[in-house]
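Residue strings, one per chain:
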Amino acid sequence: METVVSGIRSTGKLHLGNYYGAVTNFVKMQNEYNCYFFIADLHSLTTHPTPADLHGNVKHVLVEYLAAGIDPEKATIYVQSDIPEISELYLYLNMNAYLGELERSTSFKDKVRSQPDNVNAGLLTYPVLMAADIIIHKATKVPVGKDQEQHLEMARTFGNRFNRMYNVEYFPEPYAFTFSEKLVKVPGLDGKGKMGKSEGEGNAVFLSDTPEVIRKKVMRAVTDGGPTEENQAKPDAIQNLFDLMKIVSSADTYSHFDELYNKCQIRYGDFKKQLAEDMIVATNPLRERINDIASNSDYLRKVSKLGAEKARASASKTLEEVRKIIGFKRF
Ligand code: TRP
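Note that the coordinates shown come from a computational prediction; the quantities given were computed from them, not determined experimentally.

Novice: How should I be thinking about the pattern of salt bridges in this particular structure?
Specialist: It is possible for side chains of opposite charge to pair when their charged atoms get near one another. Scanning the entire structure with this criterion turns up 13 salt bridges. Between glutamate 2 and lysine 141 there is a salt bridge whose closest N-O contact spans 2.9 Å. With glutamate 2 in the segment before strand 1 (3–9) and lysine 141 in strand 4 (residues 141–142), this residue pair connects regions lying 139 residues apart in the sequence. Classification of glutamate 2 as partly exposed rests on a relative accessible area of 36%. Looking at lysine 141, the relative accessible area reads 18%, which means it is buried. Note that glutamate 309 is salt-bridged to lysine 305, the shortest N-O span being 3.6 Å. Of this pair, glutamate 309 and lysine 305 are both found in helix 14 (residues 297–326), four residues apart, which corresponds to roughly one turn of the helix. Taking the relative accessible area as the measure of exposure, glutamate 309 reaches 45% and is therefore partly exposed. According to the relative accessible area criterion, lysine 305 is exposed, its value standing at 54%.

Shown next as structure tokens:
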């Protein structure tokens, strides 16, 4: 069975776009592959979180992935910092990662631009840590978006360089696993592109949003003056709301409002009210699970312990072999 590794940024909570997109696919993948999903809290240290934020964010992400259906018995779900072998492999890989190639990474250049006062060495070697995350389990598939292509290419470079340097065929090459067409497109509420948390307050509906917050956000979604001709094409902002309705509402509800639109009889207030209520109903079970799991410390302790045990079993085996290949020897 092929091994899959994916790191989850430990900043921020899940929105509907994440849920109907990547997370739903993770839930499917856990039945078909040997999956390692981890919360990338070591990577988050590059932004200097406070101790409370660091733990709070990790908990948030863990709770929401479990609520969304990641099964800790099927997949290995763990916290990156629970696996010291990752940091060790990162150190070894750093010895063969060169300043020039690290400086050329687009994500590094972006960070230099966006946070010029905090250009730390961790940012520079972010791709090395990510390579360690992946090759420590000898993964061949990494479900990530386009923005991570370059990091994956660097992971292949570092793994291959290790192999060449020690004349071994040890690390396999990891490649992106793209869901592409299979991904449901979830638009945001700002009338523009897809749902994203960085697109401004109100554009994204989070799994943990209360029904009141969801109503407020949906009622504030961008619309227009309404259709003036029968069967006219929908402008982007309206099409986006219909796309959201297609995801959360019944087919009947969708065609009801579609017909009203085509007959120029739609009232956006009613339309959005319905959309908000259906969104609330669709996410109710998730919200309940999130609240249950978040308040169940015993369960979280058990899950993270199990994940760490499974991940360490795989990681320590790799490290033992890596140390031997490098030439460390006990007296
Ligand atoms: N860099 C990834 C992101 O920003 C997160 C990540 C860290 C990751 N380590 C990884 C993803 C290993 C896949 C595999 O989303």
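Still to come is the rest of the account.
Novice: Help me out: how do you make sense of the domain arrangement of the chain in this one?
Specialist: Buried accessible area, meaning the area lost when the parts come together, often serves as the stated size of an interface. Here the chain is described as being made up of domain 1 (3–183 + 296–326) and domain 2 (197–291). Relative placement of domain 1 and domain 2: their C-alpha centres are 34 Å apart. The interface of domain 1 with domain 2 comprises 13 residues on the first partner and 14 residues on the second. Of the roughly 1,200 Å² buried between domain 1 and domain 2 on both sides combined, carbon and sulfur atoms contribute 69%. Contact with domain 2 buries surface across domain 1, with Leu16, Tyr20 and Ala67 losing the most and accounting together for 42% of the total. Counting across the interface, domain 1 meets domain 2 through zero salt bridges. Put simply, the parts of the chain that give the side of domain 1 that touches domain 2 at least two residues each are helix 1 (16–29) and helix 3 (51–68).

Novice: For this particular structure, what's the right way to read the side chain of threonine 125?
Specialist: The residue threonine 125 is located in the loop between helix 7 (121–124) and helix 8 (126–135) in this model. Within the local environment of threonine 125, its side chain forms a polar contact with the backbone oxygen of alanine 121, the two atoms lying 2.9 Å apart.

Novice: So what exactly am I meant to see when it comes to the site of the ligand here?
Specialist: For the ligand, the full set of nearby residues is Ser6, Gly7, Arg9, Phe38, His43, Tyr126, Met130, Asp133, Ile134, Val142, Val144 and Gln148. One of the side-chain N or O atoms of tyrosine 126 is found 2.8 Å from a nitrogen atom in the ligand. Summarising the interface, the protein chains cover 95% of the accessible area of the ligand, which totals 370 Å² for the free molecule. Of all the secondary structure elements, the ones that give two or more residues to the shell around the ligand are strand 1 and helix 8.

Novice: Looking at this model, I keep getting lost on the packing of helix 12 (residues 251–262) against helix 13 (residues 268–294). Mind explaining?
Specialist: Helix packing geometry: the angle between the two helix axes and the distance between the axes. The geometry of helix 12 relative to helix 13 is characterised by a closest axis approach of 11 Å and an angle of 165 degrees between their N-to-C directions. The angle between the axes of helix 12 and helix 13 places the two elements in the roughly antiparallel class. Remark: the crossing between helix 12 and helix 13 carries left-handed chirality. Counting all contacts with helix 12, which are made through Thr253, Phe257 and Tyr261, the residues of helix 13 involved are Tyr268, Asp270, Phe271, Gln274 and Asp278.

Novice: What exactly am I supposed to notice about the environment of isoleucine 238 here?
Specialist: Along the polypeptide, isoleucine 238 turns up in helix 11 (residues 236–248). When near neighbours in sequence (up to four residues on either side) are disregarded, isoleucine 238 contacts Thr223, Asp224, Tyr261 and Tyr268.

Novice: What should I look at first to understand the environment of phenylalanine 171 in this one?
Specialist: Considering the arrangement of structural elements, one finds phenylalanine 171 in the loop between helix 9 (149–165) and strand 5 (175–176). Judged by its relative accessible area of 4%, phenylalanine 171 is buried. A sequence separation of 83 residues divides phenylalanine 171 from tyrosine 254, and the C-alpha atoms of the two residues are 50 Å apart. Ignoring any residue separated from it by four or fewer positions in sequence, one finds phenylalanine 171 in contact with Leu89, Ile135, Gly159, Phe162, Asn163, Thr318 and Val322.

Novice: Could you clarify how one ought to interpret helix 11 in this entry?
Specialist: Counted at 1.5 Å a residue, the expected span for helix 11 with its 13 residues is 18 Å, and the 19 Å between its end C-alpha atoms agrees. The set of residues buried in helix 11 consists of Ala237, Ile238, Asn240, Leu241, Phe242, Leu244, Met245 and Val248. Where helix 11 is buried, its residues touch helix 1, helix 12 and helix 13.

Novice: In this structure, what is going on with the packing of aromatic side chains? I would like to understand it.
Specialist: Aromatic ring pairs are described here by two measures, namely the spacing of the ring centres and the angle between the planes. Within this structure, the stated rule accounts for 15 aromatic pairs. Ring geometry for phenylalanine 242 against tyrosine 254: centres 5.7 Å apart, planes inclined by 85 degrees, an arrangement best described as edge-to-face. Note that phenylalanine 242 is positioned in helix 11 and tyrosine 254 in helix 12, a separation of 12 residues in sequence. Centroid distance phenylalanine 257 to phenylalanine 271: 5.5 Å. Interplanar angle 50 degrees. Geometry classified as tilted. In this pair, phenylalanine 257 sits in helix 12 while phenylalanine 271 sits in helix 13, placing the two residues 14 residues apart along the sequence. Summarising the burial analysis for this pair, phenylalanine 257 and phenylalanine 271 share the class buried. By way of ring pairs, the aromatic residues Phe242, Tyr254, Phe257, Tyr261, Tyr268 and Phe271 are connected into one cluster. One cation-aromatic arrangement involves lysine 234 over phenylalanine 242; the distance from NZ or CZ to the ring centre is 4.5 Å. Lysine 234 extends its terminal NZ or CZ atom over the ring of tyrosine 261, reaching a point 5.3 Å from the ring centre.

Rules and cut-offs
Residues numbered from 1 in each chain as written. Predicted model: local features only at pLDDT ≥ 70, side-chain atom pairs only at ≥ 80, totals over all residues. Heavy atoms only, no water. Salt bridge = Lys/Arg side-chain N within 4 Å of Asp/Glu carboxyl O. Helix = DSSP H or I, 4+ residues; strand = E, 2+ residues; numbered from the N terminus. Buried < 20%, exposed > 50% of the residue type's maximum accessible area, 1.4 Å probe, protein only. Domains from an automatic or database assignment. Contact = heavy atoms within 4.5 Å. Buried area = accessible area lost by both parts, 1.4 Å probe. Polar contact = N/O pair within 3.5 Å; in protein donor to acceptor, adjacent residues only side chain to side chain. Near = heavy atom within 4 Å. Areas by Shrake-Rupley, 256 points an atom, 1.4 Å probe, with all protein chains shown as cover. Axes fitted to C-alpha atoms, helices over the stretch in contact; angles between N-to-C directions. Parallel < 35°, antiparallel > 145°, perpendicular 65-115°, else oblique. Left-handed = near helix turned anticlockwise from the far one by under 90°. Expected span 1.5 Å × (residues − 1). Phe/Tyr/Trp six-rings, centres within 6.5 Å; stacked < 30°, edge-to-face > 60°. Lys NZ or Arg CZ within 6 Å of the ring centre and 35° of its normal.

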